[in-house]
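The lines below spell out each chain.
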Amino acid sequence: YRKVIKPKEALVKDDDEIRVTAAGSVSAYISRAAKLFNEMEKTYLTITATGNALTKAVTSAEVIKRRFKGLHQITKLGSQEIVDEYEPLEEGLDKVTDVRSVPCIEIKLSKEALDKSDKGYQEPIDESLVTDVDPEELMKARGRGKGRGKGKGKGKGKGKGLRGFPPEKKVWVGGVSEGTTWKELQEHMNQAGTTKWVEVFSHKGAGTGAVAYATAEEATNAIATLNGSVLKGAPIECDVWQKRDKEAAA
């Protein structure tokens, strides 16, 4: 059998919607949130995602809440059915249809009060945890290209390399200045939590690095507070760690 490739539907997206994908950048979603709240003067935005993008949607929401004060939140979880069709390669066989259920999420972040009786409601976080977004720093740190070059330098964690940590505990770092050592990167990233492993990549991954924390909360905090921060005179970009293509497709 061969899977029937269906034409992609033209999706209509509302102005206040941020549609998160597994390959998207958290920094891009923060920039979009800044445009919605500041330039377009929206009072709320909605983050949506399906499948393996759910984790990134939750991380994006947590980061946005730490960049804009007073955001109320309501989260809704659900699922949607996807129908796959397979046509036979030999005559005499019938088409096969496979129906699978894919999880989906919708997160509403609002400057105005939301329904506190909703089971998915979360009140605004303490303002002391919020670092106001700086549009100029976000633009400076837009040097993407998540290289996975060979790591140069070691970090903390007895015998436990970067692969020993799950993606939600790791942070991808871009814009790393040439000559930056893993110890310098470690000292900088320790501002968000105690790092357990730090690498500065070379070769194809030059200019990037990776940091692993003990908890997913510390990794999220690092993305929220250190993205756009300055290390050795240059702004760095902190983003969620993306699984390799093979893992993401699983």
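In what follows, the accompanying structure is described. (Residues numbered from 1 in each chain as written. Predicted model: local features only at pLDDT ≥ 70, side-chain atom pairs only at ≥ 80, totals over all residues. Heavy atoms only, no water.)

## A look at the overall build of the chain
Of regular secondary structure, the chain possesses six helices and 13 strands. Sorting the 250 residues of the chain into buried and exposed places 41% on the buried side. Counted over contacts in the chain with a minimum sequence separation of 6, partners at least 24 positions apart contribute 76%. Of the roughly 14,400 Å² of accessible surface on the chain, 49% is carried by carbon and sulfur atoms. (Helix = DSSP H or I, 4+ residues; strand = E, 2+ residues; numbered from the N terminus. Buried < 20%, exposed > 50% of the residue type's maximum accessible area, 1.4 Å probe, protein only. Contact = heavy atoms within 4.5 Å. Areas by Shrake-Rupley, 256 points an atom, 1.4 Å probe, with all protein chains shown as cover.)

## Some words on the pattern of salt bridges
Once the charged atoms of two side chains with opposite charge are near each other, the side chains can pair. Inspection of every chain in the model, using the stated rule, returns seven salt bridges. Salt-bridge contacts for Glu17 lead to Arg19; the nearest nitrogen and oxygen are separated by 3.0 Å. Residue classification places Glu17 among the buried residues on the basis of a relative accessible area of 10%. Judged by its relative accessible area of 30%, Arg19 is partly exposed. With its nearest N and O atoms 2.8 Å apart, the salt bridge here joins Glu62 to Arg66. The structure contains a network of salt bridges with shared partners spanning Lys3, Asp84 and Arg100. (Salt bridge = Lys/Arg side-chain N within 4 Å of Asp/Glu carboxyl O.)

## Overview of unusual backbone geometry
In this structure, Glu41 takes a positive phi of about 55° despite not being glycine. Looking at the element boundaries, Glu41 is found in the loop between α1 (26-39) and β3 (44-50). A residue is classified by how much of its surface remains accessible, and Glu41, at 65% relative accessible area, is exposed. Look at Lys232: it is not a glycine, yet its phi comes out positive at around 55°. By relative accessible area, Lys232 is classed as partly exposed at 44%.

## Some words on the environment of Lys183
When you line up the elements, Lys183 lands in helix α4 (residues 182-189). In the structure, Lys183 is positioned 15 residues away from Val198 in sequence and 7.8 Å away in space, judged by C-alpha atoms.

## Observations concerning the nonpolar core
Grouped together as the largest cluster of nonpolar side chains are 22 residues, with contacts concentrated most on Val171, Val173, Leu185, Met189, Val211, Tyr213 and Ala222. Sorting the residues of this core by element identifies α1, β8 (170-174), α4, β9 (195-201), β10 (208-213), α5 (216-226) and β13 (237-240) as the ones contributing at least two each. Of the residues forming this core, the biggest block, five residues, is contributed by α5. The next biggest cluster of nonpolar side chains, apart from the first, holds 20 residues, and it includes Val20, Phe37, Ala49 and Ala61. (Core = buried A, V, L, I, M, F, W, Y, C linked by side-chain atoms within 4.5 Å.)

## Examining the side chain of Lys65
Within the element layout of this structure, Lys65 appears in helix α2 (residues 54-65). By relative accessible area, which is 3% here, Lys65 ends up buried. A distance of 2.8 Å separates a polar atom in the side chain of Lys65 from a polar atom in the side chain of Gln73. In this structure, Lys65 is in contact with Leu71, Gln73, Leu109, Gln122, Ile125 and Val130, ignoring residues within four places of it in sequence. (Polar contact = N/O pair within 3.5 Å; in protein donor to acceptor, adjacent residues only side chain to side chain.)

## Quick word on α1
Along its 14 residues, α1 runs 19 Å from first to last C-alpha, staying within 8% of the 20 Å computed at 1.5 Å per residue. Looking only at α1, the buried set comprises Val26, Ser27, Tyr29, Ile30, Ala33, Ala34, Leu36 and Phe37. Its side-chain oxygen 3.1 Å from the backbone nitrogen of Ser27, Ser25 forms the N-cap of α1. Of the residues one or two after α1, Glu41 is the one with positive phi, at around 55°. (Expected span 1.5 Å × (residues − 1).)

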